[in-house]
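# Examination of the molecular architecture
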Amino acid sequence: MGLSLSLNELPRRAPAECVWQKYEGTKVWRNRWVLYNEHGQRIFTLLSVPKSTLLKGNAALLEVENEWLYHGLGIDGVLRLLGHVCTFRVNGMSRCDMAADFCPDEAQKDIIMGLREGRYRVSGKQNGSDFWSVNNQEWVPEMWRGIRIPHQQSWGHKTSAIKWKLYYKSKELHDAVGGKGFDKPYIVDMWREYGMDIENVWRLEVSVQGCNQHVVCGEPFSYRLFRKNMNGVFDALLKSRFDVRREEGHKDKTNDEQVPLLKMIDYGTSFKNYRRETMAKRNGRITLLRHLVQSIDTP
């Protein structure tokens, strides 16, 4: 997530138990600061003092690491951290990435493969694909064994305002560490807590640039709307911008049958009772573990 801010002052100190690190600026911004927590994990990057005179002198951009959107800290917690060191105003979202993770059933598997093979299409969008060939020694579930799996089918150009990706997230995280466990364990931990098959999770992801230029749910796609109704925003984008249809040979393509890859009503129902662990509890458990290890090492 990227948030456009107005800074009334430049941060001069770090929040408690955090560390600021200054880096070289970018082509657009003179200042680039990264905030790390006490464990050395990056929380966000703050870009300020624009080089272009087209931007106001107090303009800034906050880029939040996605790990914190999986935990109790969340975007509100990140903004509270920034609020400890300076006053600011959120003007809007410059970019927002949203995704739904799911374990495909046979019908969804057929759509995934059919999008690659041309039996299905996403209306009005071109599809590009990379592929994985899977052998019988790999850990993948039986439904994917020995076949050519399409990894990261994508719709939209790099410069497109709205881009979609569909990919095998379990295999991506597994292969990132050479098959020895999973990369980004905080994602896999969440899958386990939801009762998902961690070896068979796929992800449908949408990346929206210039959010306030798009109308979603009847109003501009603002930060306020995102906070109020994230599931509804994703569902609206899914229905209006990811229209999957079966290729039936009709001259008028609008007559082809719609075959939604995801049904967001099921998504919303399955997660409604889940209580997310707060970062305070998570950090408390890490601290307790360290104390236990220290006591074991002490005669």
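These remarks concern the structure in this document. Model, not experiment: these values are computed from the prediction.

## Notes on the overall build of the chain
Check the secondary structure of the chain and you find eight helices and 14 strands. The proportion of buried residues among the 299 residues of the chain is 42%. Taking the contacts inside the chain whose residues are at least 6 apart along the sequence as the reference set, 60% of them involve residues at least 24 apart. Total accessible area on the chain stands at roughly 16900 Å², and carbon and sulfur atoms take up 49% of it.

## Quick look at the environment of Asp130
By secondary structure assignment, the location of Asp130 is in strand 8 (residues 127-133). Assessed through its relative accessible area of 48%, Asp130 is described here as partly exposed. Note: C-alpha distance between Asp130 and His151 (21 residues apart in sequence) is 5.2 Å.

## Description of helix 6 (residues 230-241)
Counted at 1.5 Å a residue, the expected span for helix 6 with its 12 residues is 16 Å, and the 16 Å between its end C-alpha atoms agrees. What helix 6 keeps buried is the set Gly232, Val233, Phe234, Asp235, Leu237 and Leu238.

## Let's talk about the side chain of His174
Counting through the fold element by element, His174 comes out in helix 3 (residues 169-175). There is a polar contact of 2.8 Å between the side chain of His174 and the backbone oxygen of Gly181. Here His174 is in contact with Trp139, Gly179, Lys180, Gly181 and Phe182, once residues within four sequence places are set aside.

## Details of the pairing of strand 9 (residues 148-155)
Strand direction decides the pairing type here: strand 9 and strand 10 (residues 162-167), joined by three bridges, are antiparallel. Bridge pairing in strand 10 links Trp155 to Trp164. Two successive antiparallel strands, strand 9 and strand 10, enclose a turn made up of six residues, where Gly156 displays a positive phi of approximately 110°.

## Some thoughts on helix 4 (residues 185-193)
For helix 4, the set of buried residues is Tyr186, Ile187, Val188, Met190 and Trp191. Buried residues belonging to helix 4 abut strand 6 (88-102), helix 3 and strand 11 (202-209). Phi turns positive, to about 75°, at Gly195, one or two residues after helix 4.

## Observations regarding the packing of aromatic side chains
Counting across every chain of the model gives 10 aromatic pairs. Note on Trp164 and Phe242: the rings are 4.9 Å apart at their centroids and 40° apart in plane angle, and the pair reads as tilted. With Trp164 in strand 10 and Phe242 in the loop between helix 6 and strand 14 (244-246), this residue pair connects regions lying 78 residues apart in the sequence. Accessibility assignment for this pair places Trp164 and Phe242 in one class, buried. Relative to Trp202, the ring of Tyr168 has its centre 4.8 Å away and its plane inclined at 5°; by these criteria the two rings are stacked. Here Tyr168, found in the loop between strand 10 and helix 3, pairs with Trp202, found in strand 11; they are 34 residues apart in sequence, far enough to count as distant. Among the residues examined, Tyr168 registers a relative accessible area of 0% and is labelled buried. Put simply, the rings of Trp139, Trp144, Tyr168, Phe182 and Trp202 touch in pairs and so form one group of aromatic residues.

## Some remarks on unusual backbone geometry
Residues apart from glycine generally show negative phi values, whereas peptide bonds are mostly found in trans. Phi at Glu17 takes a positive value of approximately 65°, unusual for a residue other than glycine. Considering the arrangement of structural elements, one finds Glu17 in the loop between strand 1 (2-7) and strand 2 (18-23). For Glu17, a relative accessible area of 57% translates into the label exposed. Here the phi dihedral of Lys184 falls at roughly 50°; this positive angle occurs in a residue that is not glycine. Inspection of the secondary structure assignment puts Lys184 in the loop between helix 3 and helix 4.

## Let's talk about the pattern of salt bridges
What the rule picks out here adds up to 18 salt bridges. Of the charged contacts, one joins Arg203 and Asp101 as a salt bridge, the two residues approaching to 2.6 Å between their closest N and O atoms. Taken as a pair, Arg203 in strand 11 and Asp101 in strand 6 lie far apart in primary sequence, 102 residues in all. The exposure class of Asp101 is buried, given its relative accessible area of 13%. Among the ionic contacts, a cluster of salt bridges with common partners joins Asp110, Arg116, Glu117 and Arg119.

How each quantity is defined
Residues numbered from 1 in each chain as written. Predicted model: local features only at pLDDT ≥ 70, side-chain atom pairs only at ≥ 80, totals over all residues. Heavy atoms only, no water. Helix = DSSP H or I, 4+ residues; strand = E, 2+ residues; numbered from the N terminus. Buried < 20%, exposed > 50% of the residue type's maximum accessible area, 1.4 Å probe, protein only. Contact = heavy atoms within 4.5 Å. Areas by Shrake-Rupley, 256 points an atom, 1.4 Å probe, with all protein chains shown as cover. Expected span 1.5 Å × (residues − 1). Polar contact = N/O pair within 3.5 Å; in protein donor to acceptor, adjacent residues only side chain to side chain. Pairing = 2+ DSSP bridges. Phe/Tyr/Trp six-rings, centres within 6.5 Å; stacked < 30°, edge-to-face > 60°. Salt bridge = Lys/Arg side-chain N within 4 Å of Asp/Glu carboxyl O.

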